[in-house]
Amino acid sequence: MDSVEAELQTLYQTFLKFKENNGNLTNERNQALERARVLALAKTMLAAGAPSTAMTADEESFAVSAKKPLVGEDTIGRLGYLAGVVPTADKARFERALWRASRGNTFTQCEPIKVPVKDPKTGQEIEKSVFVIYFQGATGAMQQKVMKVCTAFGVNMYDWPGSAGEASSELARVQKIVEEKTAVCEGAYDGFMRSAIEDLLKPSAENPDGNSKIEEWRLFCIKEKSIYNILNLCSGDIALRVHIWFPATDEESIKKVLQRLNASQEGQQGAFLGDSAPQAYSKPPTYIRTNEYTEGWQEIINTYGIPKYQEANPALLTIVTFPFIFGMMYGDVGHGTLLLLAGVWLVMNADSLRYSQPALFMARYMVLSLGIFATYAGFMYNDFFSVGLQLFDTRWTKQADGSYTPNFDSKNEGGPGPYPFGMDWAWSGADNELLFQNSMKMKLSVLFGVLQMVVGVLLRWSNAIYEKSMTDFICECLPMMVFMLCFFGWMDVMILYKWVNPIDNPPSIINSLICMAMGQEDKFPFWDGSVELAKTLMKFTVASVPIMLLPKPFILWYQHSKAQKSSGDHIVLEDVESAGAGGHDHGHGEEFEFGEVFIHQIIETIEFVLGTVSHTASYLRIWALSLAHQQLSLVFFQKTLTMGLEMSFPTNGIVIYFMFAAWFGVTLGVLLGMDVLECFLHTLRLHWVEFQSKFYKAEGLQFAPYDIKKLVTPTGDE
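Just so it is clear, the model here is predicted, and its values are computed rather than measured.

### Let's talk about the overall build of the protein chain
Phase 1: Within the protein chain, the secondary structure is distributed over 21 helices and eight strands.
Phase 2: For the protein chain, the C-alpha radius of gyration of 43 Å lies well beyond 27 Å, the compact-globule estimate for 718 residues.
Phase 3: Projected onto its principal axes, the C-alpha positions of the protein chain cover 135 × 95 × 60 Å.
Phase 4: Summing over all exposed atoms, the protein chain offers an accessible surface of approximately 42200 Å²; the carbon and sulfur share of this is 60%.
Phase 5: Charged side chains of the protein chain number 59 positive and 79 negative; the gap between the two group centres comes to 7 Å.

### Looking at the packing of helix H9 (residues 315–330) against helix H20 (residues 651–691)
Phase 1: For the pair H9 and H20, interaxial distance at closest approach is 9 Å and the crossing angle is 135 degrees. By the angle class used here, H9 and H20 are oblique. The way H9 lies across H20 gives a crossing that is right-handed. In this structure, H9 uses Leu 317, Thr 318, Thr 321, Phe 322, Ile 325, Phe 326, Met 329 and Tyr 330 to contact H20, whose residues at the interface are Leu 671, Leu 672, Asp 675, Val 676, Cys 679, Phe 680, His 682, Thr 683, Leu 684, Leu 686, His 687 and Phe 691.

### Things to note about the pattern of salt bridges
Phase 1: Summed over the entire model, instances satisfying the criterion amount to 17 salt bridges.
Phase 2: Two residues, Arg 93 and Asp 90, come together in a salt bridge whose shortest N-O distance is 3.0 Å.
Phase 3: On the basis of relative accessibility, which here comes to 42%, the residue Arg 93 falls in the partly exposed class.
Phase 4: The salt bridge involving Arg 289 is made with Asp 250; its shortest N-O contact spans 3.2 Å. Note that Arg 289 is positioned in the loop between helix H7 (251–263) and helix H8 (294–304) and Asp 250 in the loop between helix H6 (213–231) and H7, a separation of 39 residues in sequence.

### Section: the environment of Trp 297
Phase 1: Looking at the secondary structure, you find Trp 297 in helix H8.
Phase 2: Trp 297 sits 407 residues away from Ala 704 along the chain, and the two C-alpha atoms are 18 Å apart.
Phase 3: When residues no more than four places from it in sequence are discounted, the contact partners of Trp 297 are Ala 315, Thr 318, Ile 319, Phe 322, Pro 323, Met 366, Ser 369 and Leu 370.

### Observations concerning the pairing of strand S5 (residues 128–136)
Phase 1: The element S5 is extensively covered by neighbouring structure, given that eight of its nine residues are classed as buried.
Phase 2: In terms of strand pairing, strand S1 (residues 79–87) meets S5 through nine bridges, oriented antiparallel. From the neighbouring strand, Val 85 faces S5, where its bridge partner is Val 130.
Phase 3: Sheet topology places strand S2 (residues 106–112) next to S5; seven bridges connect them, and they run antiparallel. By the bridge assignment, Phe 107 is partnered in S5 with Tyr 134.

### Notes on a nonpolar patch on the surface
Phase 1: Taken together, Ile 227, Tyr 228, Ile 230, Leu 231, Leu 233, Leu 240, Val 242, Ile 244, Tyr 706, Ile 708 and Leu 711 make up a surface patch of nonpolar side chains, about 970 Å² in accessible area.
Phase 2: Looking at the nonpolar patch element by element, the count peaks at four residues for H6.
Phase 3: You can see Tyr 228 is positioned in helix H6.
Phase 4: Accessibility expressed as a relative area gives 47% for Tyr 228, which makes it partly exposed.

### Focus on helix H15 (residues 509–518)
Phase 1: By the burial criterion, the buried members of H15 are Ile 509, Ser 512, Leu 513, Cys 515 and Met 516. Projection of H15 onto a plane perpendicular to its axis shows the buried side chains occupying an angular sector of 160 degrees, all on one side. When the buried face of H15 is taken as reference, the exposed residues oriented beyond 90 degrees from it are Ile 510 and Met 518.
Phase 2: In this structure, the buried residues of H15 make contact with helix H14 (470–500) and helix H16 (530–549).

### Examining the side chain of His 629
Phase 1: Relative to the assigned elements, His 629 resides in helix H19 (residues 621–645).
Phase 2: For His 629, a relative accessible area of 0% corresponds to the buried category.
Phase 3: Dropping the residues within four chain positions of it, His 629 is found in contact with Met 329, Tyr 330, Gly 331, Asp 332, His 335, Leu 671 and Asp 675.

### Here we look at the sheet that holds S5
One key point about sheets: their strands pair by backbone hydrogen bonds, in either a parallel or an antiparallel sense.
Phase 1: A sheet is described by the order of its strands in space; here four strands give the open sequence S2-S5-S1-S6, paired in antiparallel fashion. Two strands lie at the open edges of the sheet, namely S2 and strand S6 (156–158), each paired on one side alone. Within this sheet the neighbouring strands show an average axis-to-axis angle of 25 degrees, counted without direction.

### Structural notes on the side chain of Ser 618
Phase 1: Tracing the backbone through its elements, the reader meets Ser 618 in helix H18 (residues 594–618).
Phase 2: Owing to a relative accessible area of 8%, Ser 618 belongs among the buried residues under this scheme.
Phase 3: At 2.8 Å, the side chain of Ser 618 and the side chain of Glu 690 are in polar contact.
Phase 4: Setting aside its immediate chain neighbours within four residues, Ser 618 contacts Arg 685, Leu 686 and Glu 690.

### Quick notes on the nonpolar core
One broad rule of soluble globular proteins: the nonpolar side chains tend to lie buried together.
Phase 1: Phe 326, Tyr 330, Met 491 and Met 516 are the most contacted members of the largest nonpolar core, which totals 64 residues.
Phase 2: It is H14 that provides the largest number of residues to this core, a total of 11 residues.
Phase 3: Here Phe 326 is in contact with Leu 339, Leu 370, Ala 374, Val 676, Cys 679, Phe 680 and Thr 683, once residues within four sequence places are set aside.
Phase 4: If you look at the next biggest cluster of nonpolar residues, it comprises 16 residues, including Val 38, Met 45, Leu 46 and Leu 79.

### A short note on the confidence of the model for the protein chain
Phase 1: This prediction gives the protein chain a mean pLDDT of 84; 90% of its residues lie at or above 70.
Phase 2: Considering each helix and strand of the protein chain separately, the mean pLDDT is smallest for helix H2 (residues 62–67), with a value of 55, and largest for H9, with 96.
Phase 3: Contacts for the low-pLDDT stretch residues 52–57, under 50 throughout, to residues beyond four places or in other chains number one contact.
Phase 4: Taken as a whole, residues 570–589 scores under 50 in pLDDT and shows 52 contacts with residues more than four places along the chain or in a different chain.

### Some thoughts on the packing of helix H3 (residues 91–102) against helix H4 (residues 141–153)
Phase 1: Remark: H3 packs on H4, axes separated minimally by 10 Å, with the N-to-C direction vectors making an angle of 150 degrees. In terms of orientation, H3 and H4 fall into the roughly antiparallel class. Judged by the sense of rotation from one axis to the other, the crossing of H3 with H4 is right-handed. Across the interface between the two elements, Arg 93, Phe 94, Ala 97, Leu 98, Ala 101 and Ser 102 from H3 touch Met 142, Lys 145, Val 146, Val 149, Cys 150 and Phe 153 from H4.

### Concerning the environment of Met 380
Phase 1: Mapped onto the elements, Met 380 comes out in helix H12 (residues 358–381).
Phase 2: Looking at Met 380, the relative accessible area reads 31%, which means it is partly exposed.
Phase 3: A C-alpha to C-alpha distance of 8.0 Å links Met 380 and Gly 331, two positions 49 residues apart in sequence.
Phase 4: Apart from the residues lying within four places of it in its own chain, the contact partners of Met 380 are Phe 421, Gly 422 and Met 423.

### So, the packing of aromatic side chains
Phase 1: Applying the stated criterion across every chain yields a total of 36 aromatic pairs.
Phase 2: Seen from their ring centres, Phe 326 and Tyr 330 are 5.4 Å apart, and the 25 degrees between their planes marks the pair as stacked. Remark: Tyr 330 and Phe 326 occur in helix H9; sequence separation between them is four residues, near one turn of the helix. Of the two residues, Phe 326 and Tyr 330, neither departs from the other in class, the shared state being buried.
Phase 3: Members of the aromatic cluster, joined through ring pairs, are Tyr 304, Trp 688, Phe 691, Phe 695 and Tyr 696.

Parameters at a glance
- Note that residues are indexed from 1 along each chain, following the sequence as it is written.
- Under the rules for a predicted model, residues below a pLDDT of 70 receive no local features and side-chain atom pairs below 80 are neither given nor counted, while totals for whole chains, interfaces and linings still include all residues.
- The side-chain numbers reported here are obtained from all heavy atoms of the structure, hydrogens and water having been left aside.
- Numbering goes from the N terminus for both helices and strands, where a helix is a DSSP run of H or I of at least four residues and a strand is a run of E of at least two.
- Throughout, radius of gyration means the C-alpha value; the globule benchmark is 2.2 Å times the number of residues raised to the power 0.38.
- Each accessible area value is a Shrake-Rupley result obtained with a 1.4 Å probe; residue values ignore everything except the protein chains displayed when judging cover.
- Note that His is not counted, nor are the chain ends; the positive residues are Lys and Arg, and the negative ones are Asp and Glu.
- Positions of charges follow a simple convention, taking NZ of Lys, CZ of Arg, CG of Asp or CD of Glu.
- Axis definition: a line fitted to C-alpha atoms, limited for helices to the stretch in contact. Angles are taken between N-to-C directions and run from 0 to 180 degrees.
- Convention used here: angles under 35 degrees read as roughly parallel, angles over 145 as roughly antiparallel, angles from 65 to 115 as roughly perpendicular, and any remaining angle as oblique.
- Left-handed describes a crossing whose near helix is turned anticlockwise from the far helix by less than a right angle; the clockwise case is right-handed.
- In what follows, a contact means two residues having at least one pair of non-hydrogen atoms within 4.5 Å.
- Salt bridge criterion: a side-chain nitrogen from Lys or Arg within 4 Å of a carboxyl oxygen from Asp or Glu.
- Burial classes follow relative accessibility: with a 1.4 Å probe on protein chains only, a residue under 20% of its type's maximum area counts as buried, one over 50% as exposed, and anything between as partly exposed.
- A strand pair is defined by DSSP finding two or more bridges across the two strands.
- Patch rule: a residue counts if its relative accessible area is over 30% and it has no salt bridge; like charges are joined within 9 Å, and nonpolar side chains (Val, Leu, Ile, Met, Phe, Trp, Tyr) within 5 Å.
- Note: the arc covers the axis-to-C-beta directions of the helix.
- Identification of polar contacts relies on pairs of N or O atoms within 3.5 Å, with a donor-acceptor requirement for protein atoms, meaning one able to donate a hydrogen and the other able to accept it, and with residues adjacent in sequence counted only if both atoms are side-chain atoms.
- Within this scheme, the nonpolar core is defined by two criteria: the residues are buried Ala, Val, Leu, Ile, Met, Phe, Trp, Tyr or Cys, and they are joined through side-chain atoms within 4.5 Å.
- As a per-residue measure, pLDDT reflects the predictor's confidence and takes values from 0 up to 100.
- Centre distance within 6.5 Å is the pairing criterion for rings of Phe, Tyr and Trp, where only the six-membered ring of Trp is used; planes under 30 degrees apart are then read as stacked, over 60 as edge-to-face, and the remainder as tilted.

Encoded structure:
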């Protein structure tokens, strides 16, 4: 560290000296350049004002004398003059100040310098102008006023030549000085910077095959700074002590490493892992082991929030449910295959993307999974770029009148079965295809949505059981499950019953649910006794709401009062219930506020009851996006390839090439670009809001072990 600091200090001093010398050279060049512009202006003005011998003043006409300059060599002796350079931005204010100070008794002429002057301090280019001030009398009070104004504006003053010849000879000498100074400044600056950069970009002499010198310094400083930050967390004078968190499964391996390290110290004091309980209010971090496949999915969950220590981790199920729901939205064999090929390419080129494109490197297996499930759902929908695949023989027979009759047992009475896998290709192009697919996909969306929310409530059970919180389990988990199953679970039962038990005049599920919720008589039962069962389930549904609302605040209040009586009247008690998954942030030394707890429970109950209804409806986005994808694919196919195929020969053979290019371009841009992103974002919302809100608190701290390799590895954010 000392050697690197000394080398950096030497380089810093060298740069400071060079900067000072370069500033002095630049300042001298600027003065020479400004002096040259003053002389050039003087040469022009004095040459134009030279006396003419062609005619005398008496012989001159008024027109000729009016065009002659007021200031010439013949008037120089009778006037005082001052010349210099002023910034162009201050020129107008400078002229007004001169006019007011002299009461209009000065004549000022300015000419801009075409080449900007570089400021040696800031390095910025400044536009300046040459000025000449003429006034009555070479000396006196007027000259003093003009000098004060020039001093106030901080302008650079230069001598004004007495004649055009003097100005011409002096200008030639100053121009040579400008050329010499410019060559020295540019040559010295470029040469020094080039040599310094080449030296910093070369590998160090100690490691000729390693990184450049400046990169080695950067990595070294990062490591040293991180080590000092860790040492600042330690306490003690001679023997340092620090409290750490580590995975319990790694305890033995950590001890073995320390024993091996201590054995190599040859009697010197080493490092030891002691046994000490965590602090009373210390919050353990969350450590979740991941691999290259699960890393991306866990990052999605961590973006929402870190799981609390030992809390149910949604990523375990998200690995499967996320690509599955995405596939339900994006289901198409052709588009899914293209997405799958993109994932395969990312996986095969992972090494080249590891540091150049870290985001794509992490998402490679996610893209692969999305492609697999989208292709699978495409086979289930029997949709290949909006065209049905004839994988098996159809189970429908076309009649003479154009209608179709089923060849399978549509009554489910033990006869031949339907299409063996997915949807029958006979539905492709049918008049009622859209009506059939809408009904099927809508019901599938509700089925899987309710199933995922039930799994979320079950994970809430696991959190309550792990934390041994019987209050949460009895007063929240059980009534939530009853509410979910008795109403929305019953809706799923009716959907499945209608599928497996064909009815000649099937009742409407929506009407049955309305009658169930409003307490009306359902005149179209699914089976004998279904209406009575629905009424019973509705009673359980209604009864579960006050159980979620009322008991828990009173139980917490009773536990708090009992603990206070046993421990003293003035002690501040930690609320053990609030430390669990069902807590309300009243633990860790805070006073118990019954009103606050009760209001929080009211909000949570209303949020669950109303949220469950809205979340069930929210899962219909699966049906909506699947419908939009299928219809867009159909429109693009019909307006491009189908139009080309329907043309007469040989026109169709030529047009089909251009139509294919248009179809493939719009497919890549819309269906493989925007639609993939849209389906991904909607799937993300279903997991973050509809699924995780049932159990996930996301109040944890991520376990971030000290890792030098991660510190020096580029992440793409630099």
